[in-house]
Protein chains: 2
Amino acid sequence: MNKQSYLAAAERHCLLRGCKLTTLRRHILELVLEHDGVVKAYQVLADLQRERGVAAPPTVYRALDFLVEQGLLHKVDALNGFVVCSHFECNHHGLILVCEMCGRVEEIDASHFLGALQEVTEAVGFESREQNLLLTGVCKACHA
Amino acid sequence: MNKQSYLAAAERHCLLRGCKLTTLRRHILELVLEHDGVVKAYQVLADLQRERGVAAPPTVYRALDFLVEQGLLHKVDALNGFVVCSHFECNHHGLILVCEMCGRVEEIDASHFLGALQEVTEAVGFESREQNLLLTGVCKACHA
DNA sequence: AGGCGACTGTTATATAATAACATAATGACT
DNA sequence: AGTCATTATGTTATTATATAACAGTCGCCT
Ligand SMILES: [Zn+2]
Ligand SMILES: [Zn+2]
Ligand SMILES: [Zn+2]
Ligand SMILES: [Zn+2]
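Computed from a predicted structure; not experimentally measured. (Residues numbered from 1 in each chain as written. Chains lettered and ligands numbered in written order. Predicted model: local features only at pLDDT ≥ 70, side-chain atom pairs only at ≥ 80, totals over all residues. Heavy atoms only, no water.)

Glancing now at the sheet that holds strand β3 (residues 81–84) of chain A. Residues and elements named next belong to chain A. Across the sheet, three strands lie side by side as β1-β3-β2; this open sheet has antiparallel pairing. Whereas interior strands pair on both sides, the edge strands pair on one side only; in this sheet they are β1 (39–40) and β2 (73–76). Helix α4 (residues 57–69) rests against β2 and β3 of the sheet, and its axis sits at about 110 degrees to β2. (Pairing = 2+ DSSP bridges. Helix = DSSP H or I, 4+ residues; strand = E, 2+ residues; numbered from the N terminus. Contact = heavy atoms within 4.5 Å. Axes fitted to C-alpha atoms, helices over the stretch in contact; angles between N-to-C directions.)

The following block contains the structure:
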């Protein structure tokens, strides 16, 4: 999926959810899309400043939080970063693999697995919030 | 397991692994043990300062990193915190459930799951580093 | 027009983590 | 014991990450 159609789909996705992908939010989503893999908030901030002049952290964080909330991005806690979700339309349960060396991200479907996981947690009365699990490690390429 | 026997076991554990639980590291482990659930580095720092006078961040971070490396603590990325591992001696694959509301932590064994998980990731050539998985959500008590 | 709710701008600050270098303690070897 | 390498700790400064708080703007409804 190229960037233009991704952005169009993202816009539809937000509308369906009753909220708006504003110019700013869309801009920031574009900036994230420019990168491969994990992107950091302050990197996005720098990009934004380069393109638009002055900008402050809250501007970026608010937009990123919005995008995460809408499922367009996933937050990568282990790296203080964000990654694009490439299949936000299906109600997926993804397993996100982040390479510690190159920063590349691979999101694989693990619905069956995470369903089973949910059973385990529910057995102890725990209601899990996230539907996307994240693992850090070393990818195929870097692992050689 | 009470604190004294935990600390003794921790000391043995380190020796077996060919490194030392020094006075400082032990002290910081004790400070973590004082709390329930997730503890933050700067909280430990404050505790240390209260007990010992002056102390700086690197002192705490180095000790915490050591303890994580030895498997005595787990790092909770999602909350920038640390939790005690209560069964570091068995070669466990734990699933750590962190309550977003109260901060309490429950570590349940999920070896069979994580074994299956490993198979999935290996299928795409990814070598996962962590053996302990973390989920955030809402615990039984807070969930009512 | 007026008021409301959302989004955004702006300034300041809080929180988390590390770099870089200095000093001290430990242990191996002669 | 004395030398030397290694590890651990102290110290200062800085970088990185994230949020609070308030002010202004804009579209929309009445
Ligand atoms: Zn996804
Ligand atoms: Zn890689
Ligand atoms: Zn554990
Ligand atoms: Zn709770």
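Another aspect to go through is the domain arrangement of chain A. All names here are of chain A. Here chain A is described as being made up of domain 1 (3–84) and domain 2 (94–143). For domain 1 and domain 2, the distance between their C-alpha centroids amounts to 22 Å. Overall, the association of domain 1 and domain 2 removes approximately 650 Å² of surface from exposure, summing both partners, and the carbon and sulfur fraction of that is 73%. Three residues stand out in domain 1 for area buried against domain 2, namely H74, V76 and L79, and they jointly supply 48% of the buried area on that side. The interface formed by domain 1 and domain 2 holds zero salt bridges in total. (Domains from an automatic or database assignment. Buried area = accessible area lost by both parts, 1.4 Å probe. Salt bridge = Lys/Arg side-chain N within 4 Å of Asp/Glu carboxyl O.)

The subject of this paragraph is the interface of chain A and chain B. Every contact between the two is made by 30 residues of chain A and, on the other side, 30 residues of chain B. For the chain A and chain B pair, buried surface summed over both sides reaches about 2,700 Å², with 69% attributable to carbon and sulfur atoms. On the chain A side of the contact with chain B, F113, F126 and L135 of chain A bury the most area, a combined 22% of that side's loss. Across the chain A-chain B interface, the total number found is zero salt bridges. At six residues, strand β7 (residues 133–138) of chain A tops the list of elements feeding residues into the side of chain A that touches chain B. Taken together, the residues that form the side of chain A that touches chain B break down as 17 nonpolar, six polar and seven charged. With two bridges joining them, strand β6 (residues 127–128) of chain A and strand β7 (residues 133–138) of chain B adopt antiparallel strand pairing. Pairing of S128 of chain A across the sheet is with G137 of chain B, part of β7 of chain B. (Nonpolar A, V, L, I, M, F, W, Y, C, P; charged D, E, K, R; others polar.)

So, about the protein's contact with DNA strand D. Around DNA strand D, 17 residues are found, and the nearest of them are K40, Y42 and Y61 of chain A together with T22 and R62 of chain B. Restricting the count to atoms of DNA strand D within 4 Å of the protein gives a sugar and phosphate share of 48%. The side chain of Y61 of chain A places a nitrogen or oxygen atom 3.0 Å from a phosphate oxygen of DNA strand D. K75 of chain A places a polar side-chain atom, nitrogen or oxygen, 3.4 Å from a phosphate oxygen of DNA strand D. Secondary structure elements with two or more residues in the surface near DNA strand D: α4 of chain A together with α2 (23–33) and α4 (57–69) of chain B. With four residues, α4 of chain A is the largest single contributor of residues to the surface near DNA strand D. Grouping the constituent residues of the surface near DNA strand D by class yields eight nonpolar, three polar and six charged. (Near = heavy atom within 4 Å. Polar contact = N/O pair within 3.5 Å; in protein donor to acceptor, adjacent residues only side chain to side chain.)

Let us look at the protein's contact with DNA strand C. In the vicinity of DNA strand C lie 17 residues, with T22 and R62 of chain A together with K40, Y42 and Y61 of chain B positioned nearest. The contact atoms of DNA strand C, taken as those within 4 Å of the protein, divide so that sugar and phosphate hold 51%. In the environment of DNA strand C, a phosphate oxygen lies 2.6 Å from a nitrogen or oxygen atom belonging to the side chain of T22 of chain A. Between DNA strand C and R25 of chain A there is a distance of 3.0 Å, counted from a phosphate oxygen to a side-chain nitrogen or oxygen. Within the residue set of the surface near DNA strand C, elements represented by two or more residues are α2 (23–33) and α4 of chain A together with α4 of chain B. For the surface near DNA strand C, the class distribution of residues is eight nonpolar, three polar and six charged.

Quick look at the packing of helix α1 (residues 3–16) of chain B against α2 of chain B now. Residues and elements named next belong to chain B. With their axes 11 Å apart at the nearest point, α1 and α2 run at an angle of 140 degrees to one another. The orientation of α1 with respect to α2, classified from their angle, is oblique. The way α1 lies across α2 gives a crossing that is right-handed. Contact residues: K3, Q4, Y6, L7, A10 and E11 in α1; R26, L29, E30 and L33 in α2. Grouping the constituent residues of the contact of α1 with α2 by class yields five nonpolar, one polar and four charged. (Parallel < 35°, antiparallel > 145°, perpendicular 65-115°, else oblique. Left-handed = near helix turned anticlockwise from the far one by under 90°.)

The next subject is the relation of the copies chain A and chain B. Relative to chain B, chain A is turned by 180 degrees and slid 0.0 Å along the rotation axis, the superposed coordinates differing by an RMSD of 0.1 Å. The two molecules are tied by a two-fold rotation axis, judged by turn and shift. Considering only C-alpha atoms, the residue of chain A closest to the rotation axis is D77 of chain A, which sits at 2.8 Å. A shared interface surface links the copies, since 100% of the contact residues of chain A are contact residues in chain B too. (Least-squares fit on C-alpha atoms with pLDDT ≥ 70 in both.)

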